[in-house]
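Chain by chain, the residues:
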Amino acid sequence: MNNSEANKRELEEKILSKRQQIEFERTNMDLTTEFSPENRENPETMEEAKNFDDPAENVVENDDVKSLKAAEQDLNELIKQLEELNKR
């Protein structure tokens, strides 16, 4: 296996790992949102109804959202690197 093939294989493994990380983080955020007390309330008043379908970012910790976005950016960068290697 030459160096280029080794680099491709390493990038493919990193991409797979990053995809698994992103999937895990998304699932974790979905579960946090689904089981959040804010989303289990029965919206009996207008104020509760107004907040009933708030976006996940309001429930999930801001750091979790930042971490997911950073992982997605890392994945996109790894994919670009792999595409560049495949063009050679």
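Just so it is clear, the structure is predicted and the values come from calculations on it, not from any experiment. (Residues numbered from 1 in each chain as written. Predicted model: local features only at pLDDT ≥ 70, side-chain atom pairs only at ≥ 80, totals over all residues. Heavy atoms only, no water.)

**Focus on helix H1 (residues 3-34)**
Here H1 contains 32 residues, and its C-alpha end-to-end distance of 46 Å stays within 8% of the 46 Å for a straight helix at 1.5 Å per residue. Those residues of H1 that fall on the buried side of the exposure criterion are Leu11, Ile15, Lys18, Ile22, Glu25, Met29 and Thr33. Where H1 begins, the side chain of asparagine 2 points an oxygen toward the backbone nitrogen of serine 4, at a separation of 3.0 Å. (Helix = DSSP H or I, 4+ residues; strand = E, 2+ residues; numbered from the N terminus. Expected span 1.5 Å × (residues − 1). Buried < 20%, exposed > 50% of the residue type's maximum accessible area, 1.4 Å probe, protein only. Polar contact = N/O pair within 3.5 Å; in protein donor to acceptor, adjacent residues only side chain to side chain.)

**Digging into helix H4 (residues 62-87)**
The periodicity of an α-helix, 3.6 residues per turn, causes residues three or four places apart in sequence to face the same way. Given a rise of 1.5 Å per residue, 26 residues ought to cover 38 Å, and the 38 Å separating the end C-alpha atoms of H4 matches this to within 8%. Within the span of H4, buried status applies to Val65, Leu68, Ala71, Leu75, Leu78, Leu82 and Leu85. Residues of H4 that are buried sit in contact with H1. (Contact = heavy atoms within 4.5 Å.)

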